[in-house]
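Chain by chain, the residues run as shown.
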Amino acid sequence: MRILYVEDNPELRETIGLLMEGDGQTVTSCATAEEALELDAAQAFDLLVSDVSLPGLSGTDLARKLLAEDPLRWIVLCSGYELGTYPGSWGPNVRTLLKPFELEDLEALLGSIREAVAQRPA
């Protein structure tokens with residue numbers, strides 16, 4: 001599973017990016033939503049994991065742009081504040097993760113998404 005990870009905090013980007021690697025997962029990390037759009041345009045990723053608060057285009061705006069192209073995209077929005085249920089109304093594969101999160105919560109979420117991606121018809 002190819003993961004695009006967007007986080008403007010360099011330490012978090014490196015640490016969480018490394019933690020998501022492995023188990024059939026490769027991670028490409030970047031600091032802005034604009035860079036993420038460029039990377040995804042070259043070859044769509046299986047999953048976008050993005051911070052909500054980013055410089056320039058926000059993580060929610062990034063998610064909306066990608067969902068406009070493919071409403072079934074897998075997206076995890078990470079935020080330090082509760083987003084409520086509204087991101088789930090954007091599509092069936094949109095999830096949220098409240099920061100700071102436990103590593104076990106991230107791993108469980110990625111595991112369930114990895115299974116769903118593996119079962120998706122080619």
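In what follows, the structure referred to is the one given above.
Being a predicted model, the structure only gives us computed values, none of them experimental.

S.K.: For the packing of helix 2 (residues 33–42) against helix 3 (residues 59–69), give the residues involved together with the corresponding values.
M.R.: Between helix 2 and helix 3, the least distance of the axes is 10 Å, while the angle of their chain directions is 20°. Taken together, the axis directions place helix 2 and helix 3 in an arrangement best described as roughly parallel. Taken as a pair, helix 2 and helix 3 cross one another with a handedness that is right-handed. Residues Ala-33, Ala-36, Leu-37 and Asp-40 of helix 2 form the contact with helix 3, whose participating residues are Leu-62, Lys-65 and Leu-66. Its residues placed into classes, the contact of helix 2 with helix 3 shows 5 nonpolar, no polar and 2 charged.

S.K.: So, helix 1 (residues 10–20): which residues are in play, and what are the values?
M.R.: Listed as buried for helix 1 are Arg-13, Ile-16, Gly-17 and Met-20. For helix 1, the arc enclosing every buried residue in end-on projection is 105°, short of the 170-degree limit, so these residues lie on one face. Away from the buried face of helix 1 by more than 90 degrees, exposed residues Glu-11, Glu-14 and Leu-18 are located. On its buried side, helix 1 packs onto strand 1 (2–6), strand 2 (26–30), strand 3 (47–51) and helix 4 (103–119). Structurally, the start of helix 1 carries an N-cap: the backbone nitrogen of Glu-11 is 3.0 Å from a side-chain oxygen of Asn-9. In the stretch just after helix 1, Gly-22 is the one whose phi turns positive, near 105°.

Quick notes on the rules
Residues numbered from 1 in each chain as written. Predicted model: local features only at pLDDT ≥ 70, side-chain atom pairs only at ≥ 80, totals over all residues. Heavy atoms only, no water. Axes fitted to C-alpha atoms, helices over the stretch in contact; angles between N-to-C directions. Helix = DSSP H or I, 4+ residues; strand = E, 2+ residues; numbered from the N terminus. Parallel < 35°, antiparallel > 145°, perpendicular 65-115°, else oblique. Left-handed = near helix turned anticlockwise from the far one by under 90°. Contact = heavy atoms within 4.5 Å. Nonpolar A, V, L, I, M, F, W, Y, C, P; charged D, E, K, R; others polar. Buried < 20%, exposed > 50% of the residue type's maximum accessible area, 1.4 Å probe, protein only. Arc of directions from axis to C-beta. Polar contact = N/O pair within 3.5 Å; in protein donor to acceptor, adjacent residues only side chain to side chain.

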